[in-house]
Amino acid sequence: MTEKAYEDIPGTFVFDADRSRQGYWLNQFCISLSKEVNRQAFRDDPEAHMAKFKMTEDQKQAVRDRDWNGLLALGGNIYYTSKLAAFDGIVFQDLAAMMSGMTREDYRQMMVDGGRSVEGNRYKSEWEKK
Amino acid sequence: MAKITAGIACSHVPAIGVAMDQHITEQPYWQPVFEGFEFSREWNKKNKPDVVFLVYNDHCTAFDASCIPTFALGCAAEFTPADEGWGPRPVPVVKNHQELASHIAQSLILDEFDMTIMNEMDVDHGLTVPLSVMFGDKTPEDDWGTLVIPLAVNVVQYPAPTANRCYKLGQSIKKAIESWPEDINVHIYGTGGMSHQLQSERAGLINATWDQQFMDILVNEPEKARQIDHVEFLRETGSEGIEMVMWLVMRGALEEKVTEVHRHYHVPASNTAVGHLILENHA
Ligand SMILES: [Fe+2]
């Protein structure tokens, strides 16, 4: 693997070819949930529906736990994992709040106040100092 | 001859479409977002395009992880608004100018851009939200009021095409459109952005200073804007801010000098900074 200039951005998973390879079946599982027939199958028997995709045990566990950041760490991409959140009835903004460890009210207020500042959030080294 | 008379940049936040579909645009949260589009709708009526060339990205709707084309040109007769998991948006089917789309595909490929040609494709909020913004409320029984040629750009899997590549593609699109014999008025849209991050612990990132500077140089110093690299987009504008490379396609298809007739910027719409420009070609 070559060095990646974007790996020092904190709190961010850049969805590159390595992550895409790692998360392929996890993402294909998630995207299946954009079709009602698959949502019904997952509702009826979550394990049986997951078994149709060659996910690792870690990935399946992260799905069971709805470990939103864990899913990203295991190769999931947000446009895919958000379909699992939508399946649970979670709106995008609340998903964003969960991933950043905030309450939905605090997150919503932060956005209304102009969003999360880029100051102090550009480099991992800035987060380590905190 | 076909002529590109204007370029439009516009965020395509799904929540903007939802707000229109649910008729809540007058609510205090949404009012400032839509206020900035009032001028645009009037302008659009006065400068009505025959064809919109619309650069957007698909959000894993038409393309899942199994196929990721960098540049996919819509050549089908029409495109159906997709079901993105909560039912399709109640908006009209999108109709293509199919002969012109085929001409552009051929012209781009002979100009050494290796395009993917889509003869069937559903379109998601990335395409329909900017149309709603510019053309106003429409029902599925209506007509959009323009023909649309969609160009889907991969910005989901890293790397997206570079800003410079997008700009060059825009230049080639200009050549293609302006070699079409029909006397028609064409607008080009660059959609997505502005700063936003939808994922992980840095979700909610907004960089208004950077966004405004980007709009300034995109308009007046495109030679500078085309040199912005991916890491700058990712670090400064959030992982999904990379969508702004699509604004470079639009800019590349315009004249070197343009007139900025409208700018709108607002934070937030859901998780995103909304940015919007109308640029007119001289002459
Ligand atoms: Fe987008």
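Residues numbered from 1 in each chain as written. Chains lettered and ligands numbered in written order. Predicted model: local features only at pLDDT ≥ 70, side-chain atom pairs only at ≥ 80, totals over all residues. Heavy atoms only, no water.

A. Quick peek at the overall build of chain A. On a plain count of helices and strands, chain A comes out with nine helices and zero strands. Secondary structure elements of chain A, listed N to C terminal, follow the sequence α-α-α-α-α-α-α-α-α. Principal-axis analysis of the C-alpha atoms gives chain A an extent of 45 × 40 × 20 Å. With 130 residues in all, chain A has 47% of them scored as buried. Pairs at least 24 residues apart make up 47% of the contacts formed inside chain A by residues separated by at least 6 positions. When the accessible surface of chain A is totalled, it reaches about 6600 Å², and 51% of it is carbon and sulfur. Separation of charge centres in chain A, based on 19 positive and 21 negative side chains, amounts to 5 Å. (Helix = DSSP H or I, 4+ residues; strand = E, 2+ residues; numbered from the N terminus. Buried < 20%, exposed > 50% of the residue type's maximum accessible area, 1.4 Å probe, protein only. Contact = heavy atoms within 4.5 Å. Areas by Shrake-Rupley, 256 points an atom, 1.4 Å probe, with all protein chains shown as cover. Lys, Arg positive; Asp, Glu negative; His and termini not counted. Charge placed at Lys NZ, Arg CZ, Asp CG, Glu CD.)

B. Main features of the overall build of chain B. Counting secondary structure elements, chain B contains nine helices and 10 strands. Burial analysis of chain B (283 residues in total) assigns 63% to the buried set. Total accessible area computed for chain B in this model is approximately 10200 Å², and 49% of it derives from carbon and sulfur atoms. Computing the positive centroid from 19 side-chain charges and the negative centroid from 39, chain B places the two 7 Å apart.

C. Region of interest: the coordination of the iron ion. Residues and elements named next belong to chain B. Protein coordination at the iron ion: the donors are His 12 (NE2), His 59 (NE2) and Glu 243 (OE), at 1.9 to 2.1 Å from the metal. Along the chain, the residues donating to the iron ion fall in the pattern H-x46-H-x183-E. Of this pair, His 12 sits in the loop between strand 1 (3–10) and helix 1 (14–21) while His 59 is found in the loop between strand 2 (51–56) and strand 3 (71–74), placing the two residues 47 residues apart along the sequence. In this structure His 12 comes out as buried when scored by relative accessible area, which is 3%. (Donors = N, O, S within 2.8 Å, 3.2 Å for Na, K, Ca; no water.)

D. Here's a closer look at the interface of chain A and chain B. Counting from both sides, the interface comprises 44 residues of chain A and, opposite them, 35 residues of chain B. Across the chain A/chain B interface, buried area totals approximately 3500 Å², and carbon plus sulfur atoms make up 57% of it. Counting the surface chain A buries against chain B, the share from its top three residues, Tyr79(A), Met111(A) and Arg116(A), is 17%. Breaking the side of chain A that touches chain B down by element, the ones donating at least two residues are helix 1 (17–32), helix 5 (68–73), helix 6 (78–87), helix 7 (92–99) and helix 8 (104–112) of chain A. Taken together, the residues of the side of chain A that touches chain B sort by class into 24 nonpolar, 13 polar and seven charged. (Buried area = accessible area lost by both parts, 1.4 Å probe. Nonpolar A, V, L, I, M, F, W, Y, C, P; charged D, E, K, R; others polar.)

E. Examining the environment of Lys124(A) more closely. Residues and elements named next belong to chain A. Positionally, Lys 124 belongs in helix 9 (residues 124–129). Linking Lys 124 and Gly 11, residues 113 residues apart in sequence, is a C-alpha distance of 7.9 Å. Leaving out residues up to four positions away in the same chain, Lys 124 has contacts with Glu 7, Asp 8, Ile 9 and Pro 10.

F. Up close: the side chain of Gln199(B). Among the secondary structure elements, Gln199(B) is positioned in the loop between strand 8 (185–191) and helix 6 (208–220). Dropping the residues within four chain positions of it, Gln199(B) is found in contact with Gly11(A), Thr12(A), Phe13(A), Leu72(A), Ile78(A), Met99(A), Ser239(B) and Glu240(B).

G. Structural view of the pattern of salt bridges. A full pass over the atoms with the stated rule returns 23 salt bridges over all chains. A salt bridge links Arg122(A) to Glu119(A); its shortest N-O distance comes to 3.3 Å. A relative accessible area of 57% means that Glu119(A) is categorised as exposed. In this structure, the salt-bridge partner of Asp21(B) is Arg89(B), at a minimum N-O distance of 2.9 Å. Taken together, the residues span a long stretch of sequence, with Asp21(B) in helix 1 and Arg89(B) in the loop between strand 4 (78–79) and strand 5 (94–95) at a distance of 68 residues. Asp21(B) sits in the partly exposed class, given a relative accessible area of 26%. We classify Arg89(B) as buried; its relative accessible area is 12%. (Salt bridge = Lys/Arg side-chain N within 4 Å of Asp/Glu carboxyl O.)

H. Quick peek at the sheet that holds strand 9 (residues 258–269) of chain B. Residues and elements named next belong to chain B. The eight strands lie next to each other as 6-3-7-2-8-1-10-9, forming an open sheet whose pairing is mixed. Bordering the open sheet on either side are strand 6 (116–118) and strand 9, each of which pairs with just one other strand. With direction set aside, neighbouring strand axes in the sheet form an average angle of 20°. Bridge count for strand 1 against strand 8 is seven bridges, and the pairing is parallel. (Pairing = 2+ DSSP bridges. Axes fitted to C-alpha atoms, helices over the stretch in contact; angles between N-to-C directions.)

I. Spotlight on the pairing of strand 8 of chain B. Residues and elements named next belong to chain B. Taking burial as the measure, the seven residues of strand 8 include seven buried ones, the bulk of the element. Of the two faces of strand 8, the one lined by Asn 185, His 187, Tyr 189 and Thr 191 and the one lined by Val 186, Ile 188 and Gly 190 are each fully buried. Note: strand 2 against strand 8, five bridges, orientation parallel. Residue pairing in the sheet places Leu 54 in a bridge with Tyr 189 of strand 8.

Nothing here speaks to function; it is geometry throughout.
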